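# Coordinate inspection notes
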Amino acid sequence: MKRWLSKAEVSLGNHSDRLNAINIFPVADGDTGTNLYLTVRAAAQAAADHDTHDLGDLLKVAGQAAMEDARGNSGTLFAVFLSAIAEPLHGASRLSGPLLATALNRAQIRSWSALSDPVPGTMLSVLEAASIGAATVDQANEGDDSNHALAMTLQGAVEAALEAVVQTESQLGALTEAKVVDAGGVGFLLIMDALRAASLGEELQDELLDGLHGYDVQAPHIHKGMPAEGVEVMCTINLSPLDAATLRLHLDEVGDSVIMSAVTEVEEGYRWRVHVHVPEAALALRYIEEAGQPSHIAVTQLAGAGAVSPQEPGYFEQQERYGS
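Quantities reported herein were computed from a predicted structural model and do not represent experimental measurements. (Residues numbered from 1 in each chain as written. Predicted model: local features only at pLDDT ≥ 70, side-chain atom pairs only at ≥ 80, totals over all residues. Heavy atoms only, no water.)

### Comments concerning the side chain of H277
Our working rule: Numbered from the N terminus, helices here are DSSP runs of H or I no shorter than four residues, and strands are runs of E no shorter than two. Here the term buried applies to any residue with accessible area under 20% of the maximum for its type, exposed to any over 50%, and partly exposed to those in between, with areas from a 1.4 Å probe on protein chains only. Two N or O atoms count as a polar contact when they lie within 3.5 Å, although within protein this holds only if one can serve as hydrogen donor and the other as acceptor, and sequence-adjacent residues are included solely when both atoms are side-chain atoms. Whether two residues touch is decided by their heavy atoms; if any such pair falls within 4.5 Å, the residues are in contact.
Following the sequence through the fold, H277 ends up in strand β3 (residues 269-278). Among the residues examined, H277 registers a relative accessible area of 5% and is labelled buried. One polar contact links H277 to E232, side chain to side chain, over a distance of 3.4 Å. In this view, H277 contacts P26, V27, N73, V231, E232, G255, D256, S257 and L302; residues no more than four positions away in its chain are not counted.

### A word on the pairing of strand β2 (residues 256-266)
Worth spelling out the cut-off: Two strands are counted as paired when DSSP detects at least two bridges linking them.
Both β2 and β3 contribute to a ladder of 8 bridges, which runs antiparallel. Paired with I259 across the strands is H275, a residue of β3.

### Section: the pattern of salt bridges
Spelled out, the test is: A pairing counts as a salt bridge when a side-chain nitrogen of Lys or Arg comes within 4 Å of a carboxyl oxygen of Asp or Glu.
Enumeration over the complete set of coordinates arrives at 6 salt bridges. A salt bridge links E68 to R271, with the nearest nitrogen and oxygen atoms 2.6 Å apart. Highlighted residues: E68 in helix α3 (residues 55-68) and R271 in strand β3, separated in sequence by 203 residues. Classification of R271 by relative accessible area gives buried; the value is 18%. Across the salt bridge formed by D193 and R196, the nearest N and O atoms sit 2.7 Å from each other. Within this pair, D193 and its partner R196 are both found in helix α9 (residues 183-200), separated by 3 residues, close to a single helical turn. Note on accessibility: D193 and R196 belong to one class, buried.

### Quick look at the packing of helix α4 (residues 72-86) against helix α5 (residues 97-114)
Our working rule: Only the contacting stretch of a helix is used when fitting its axis, a line to C-alpha atoms as for every element, and angles between N-to-C directions run 0 to 180 degrees. When describing relative orientation, an angle under 35 degrees is termed roughly parallel and one over 145 degrees roughly antiparallel, while 65 to 115 degrees is termed roughly perpendicular and anything else oblique. The hand of a helix crossing depends on one turn: near helix anticlockwise from the far one by less than a right angle means left-handed, and clockwise means right-handed. Only Asp, Glu, Lys and Arg are considered charged, only Ala, Val, Leu, Ile, Met, Phe, Trp, Tyr, Cys and Pro nonpolar, and every remaining residue, Gly among them, polar.
One way to put it is that α4 packs onto α5 with a least axis distance of 8 Å and a crossing angle of 140°. Here α4 lies oblique to α5, going by the angle between them. As for how α4 packs across α5, the hand of that crossing is right-handed. In contact with L77, V80, F81, S83, A84 and I85 of α4, α5 contributes A103, L104, R106, A107, R110, S111 and A114. Of the residues that constitute the contact of α4 with α5, the class distribution is 9 nonpolar, 2 polar and 2 charged.

### Quick look at the nonpolar core
The line we're drawing: We call a set of buried residues a nonpolar core when its members are Ala, Val, Leu, Ile, Met, Phe, Trp, Tyr or Cys and they connect through side-chain atoms within 4.5 Å of each other.
Within the largest apolar cluster, 77 residues are counted, with the highest numbers of intra-cluster contacts made by W4, L5, L59, F78, F81, L82 and V186. Ignoring any residue separated from it by four or fewer positions in sequence, one finds L5 in contact with V40, A43, A44, A47, L59, A62, F78 and L82. Residues I237, L239, L251 and A284 belong to the second largest nonpolar core, which totals 22 residues.

Given below as structure tokens:
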């Protein structure tokens, strides 16, 4: 699992520019590659520093770190995914085909429910396809927990994810018009192939991305010139389930791309990671502050947010950060 997150970090770092280039949904802010890279990096660092043989415990710690430092829609969804797959793996010291199928199923349910308005043709669709692909192979293997069966299950999940990535272009009008596949979907495909490679001691399959529309190195940055108005507001806040539901309702009224997911259980309920796109930050912050005492508040302009890579100077100057 530590190798997986490390491989995923390197892979996303290498591909962040191209992922940014085709990032046009839900807004053309060109930062999906950057957001995924930084969120996976937080998870990889937390996992590397945690000493345990319990897969669930390790991924829970990594998922919490990713959730606290999640960036953008894609980063937040990855954090939800990582926290969710940890749950069925608690107590396990070895990954198997049946465990992988169960974990991916849990993750796709949690991820779809984290969004107020989930949309097919995105990272969610690719995750769901990977889950179905893994379950199909596991059923055919009749629950075989051998290493060979795990290899087949991993390959089935990756192949299904690839097919789902290709299909995203026809599932969303914005992608169809621009003739590109979904950036978040491609990012998740890279993450799944890193899991396959790390588990089996193999290399990443670079040829997976051959022929994906808009992904050629020579292709232009599709997001440039497209409208991307408003701001992205993110924070962490402790709320009861009822208060969290009320906050979600208010955020749905003033913005879109609302994601709320529980990070950890606390005395008064849960610690929640909140994400929303709004025309003005004050619209969201008023409701958030009425609900409780938020921390790790980040407000980012959507227009041009991804023009700078995470390795370049000036990236963090593009983010207006409030008190933590």
